[in-house]
Amino acid sequence: MADPRNYCVHETLKDGTPVTIRAIRKDDKKSILDAFRALDREAVYRRFFSPKEDLTDAELEQVTDVDFRRVVALVATVSQADGEEIVIGDGRYVADEGNNPKRAELAFLIAEPYRGRGIASLLLRHLARIAQDADLSAFEADVLAYNAPMLAVFQRSGLPICRRREGDIIHVTLSLSGPHEDSC
């Protein structure tokens, strides 16, 4: 596979909307910040597990300046009539530390008006492809138990899944290399 820093594919959402799935870039800061500021408080809480009013400059730098080895981040974008590209979703994984990581933590954030249109599923599919090429064997994610839409994305992914509940959190493990041989 090509270098994930240059990843770019064109897709169509289930409602017919054309989108681009591409590697995040440093110049996406403004679009990421605009998308974050447009989120409702509940969406922010579901993603960060705590209230968060804004992103700091350091957080924006961390979100957009990734190494594409340990951290891989893809965005879904749409083009407006004036040609401006808008980020409508972000999906990323962070691989475990070490020389030969096998697992990565997975996270998504989808802009309000674009939820429920298949963006997280598209991002997951492309992230899985990149992770498999990087020899990762599993994705992991912690999801609030009431976040049924995100749990449904994982369930419908076609990847072998293991779920473990710990209070209000569901720990999800998605196998990238076939059925789970170990417990999750």
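Rules and cut-offs
- Residues numbered from 1 in each chain as written.
- Predicted model: local features only at pLDDT ≥ 70, side-chain atom pairs only at ≥ 80, totals over all residues.
- Heavy atoms only, no water.
- Core = buried A, V, L, I, M, F, W, Y, C linked by side-chain atoms within 4.5 Å.
- Buried < 20%, exposed > 50% of the residue type's maximum accessible area, 1.4 Å probe, protein only.
- Helix = DSSP H or I, 4+ residues; strand = E, 2+ residues; numbered from the N terminus.
- Contact = heavy atoms within 4.5 Å.
- Pairing = 2+ DSSP bridges.
- Axes fitted to C-alpha atoms, helices over the stretch in contact; angles between N-to-C directions.
- Salt bridge = Lys/Arg side-chain N within 4 Å of Asp/Glu carboxyl O.
- pLDDT = per-residue confidence, 0-100.
- Phe/Tyr/Trp six-rings, centres within 6.5 Å; stacked < 30°, edge-to-face > 60°.

Examining the nonpolar core
Argument step 1. In terms of nonpolar packing, the biggest core is built from 53 residues, with Tyr93, Leu106, Phe108, Phe139 and Phe154 touching the most fellow members.
Argument step 2. The leading source of residues in this core is helix H4 (residues 119-133), at nine residues.
Argument step 3. Once you skip the residues sitting within four places of it in the chain, phenylalanine 139 turns out to touch Tyr93, Ala104, Leu106, Leu124, Leu127, Ala128, Ala131, Val172, Thr173, Leu174 and Leu176.

Observations regarding the sheet that holds strand S3 (residues 71-79)
Argument step 1. Strand order across the open sheet formed by eight strands is S1-S2-S3-S4-S5-S6-S8-S7, with mixed pairing between neighbours. Every interior strand has two partners, whereas the edge strands, strand S1 (8-12) and strand S7 (161-166), have only one. Direction aside, neighbouring strands of the sheet carry axes that sit 25° apart on average.
Argument step 2. Pairing geometry for strand S6 (residues 138-144) and strand S8 (residues 169-175), over seven bridges, is antiparallel. From the neighbouring strand, alanine 141 faces S8, where its bridge partner is valine 172.
Argument step 3. In the packing of H4 onto the sheet, the strands contacted are S1, strand S2 (18-23), S3, strand S4 (85-95), strand S5 (103-110), S6 and S8, and the crossing angle to S4 comes to about 45°.

Quick look at the pattern of salt bridges
Argument step 1. In this structure the tally under the stated criterion is 15 salt bridges.
Argument step 2. Where arginine 22 meets glutamate 85, a salt bridge forms, and the shortest distance between an N and an O atom there is 2.9 Å. With arginine 22 in strand S2 and glutamate 85 in strand S4, this pair connects stretches of sequence that are 63 residues apart.
Argument step 3. By relative accessible area, arginine 22 is classed as buried at 4%.
Argument step 4. Classification of glutamate 85 by relative accessible area gives partly exposed; the value is 29%.
Argument step 5. Salt-bridge contacts for aspartate 27 lead to arginine 25; the nearest nitrogen and oxygen are separated by 3.2 Å.
Argument step 6. Residues joined by salt bridges that share partners form a network here, namely Arg22, Arg25, Asp27, Asp28 and Glu85.

Observations regarding unusual backbone geometry
When glycine is set aside, most residues are seen to have a negative phi, and most peptide bonds are trans.
Argument step 1. Look at phenylalanine 68: it is not a glycine, yet its phi comes out positive at around 60°.
Argument step 2. Residue placement: phenylalanine 68 occurs in the loop between helix H3 (57-64) and S3.
Argument step 3. We note that aspartate 135 has phi near 65°; this positive angle belongs to a residue other than glycine.
Argument step 4. Considering the arrangement of structural elements, one finds aspartate 135 in the loop between H4 and S6.

Some words on the confidence of the model for the protein chain
Argument step 1. In the predicted model, the protein chain carries a mean pLDDT of 88, and the fraction of residues at 70 or more is 89%.
Argument step 2. Per-residue pLDDT, averaged within each element of the protein chain, yields its smallest value for helix H2 (residues 41-48) (66) and its largest for S2 (97).

Structural notes on the pairing of S4
Argument step 1. With eight of its eleven residues buried, S4 lies for the most part within the structure.
Argument step 2. Judged from the nine bridges that link them, S3 and S4 form a sheet pairing that is antiparallel. Of the residues in S4, the one forming a bridge with alanine 76 is glycine 89.
Argument step 3. Counting the residues in the hairpin turn of S3 and S4 gives five residues, including glycine 83, whose phi is positive at 90°.

Focus: the packing of aromatic side chains
Argument step 1. Counting across every chain of the model gives two aromatic pairs.
Argument step 2. Geometrically, the ring pair formed by tyrosine 93 and phenylalanine 139 is tilted, given 5.5 Å between the ring centres and 45° between the ring planes. Note that tyrosine 93 is positioned in strand S4 and phenylalanine 139 in strand S6, a separation of 46 residues in sequence.
Argument step 3. Judged by its relative accessible area of 1%, tyrosine 93 falls in the buried class.

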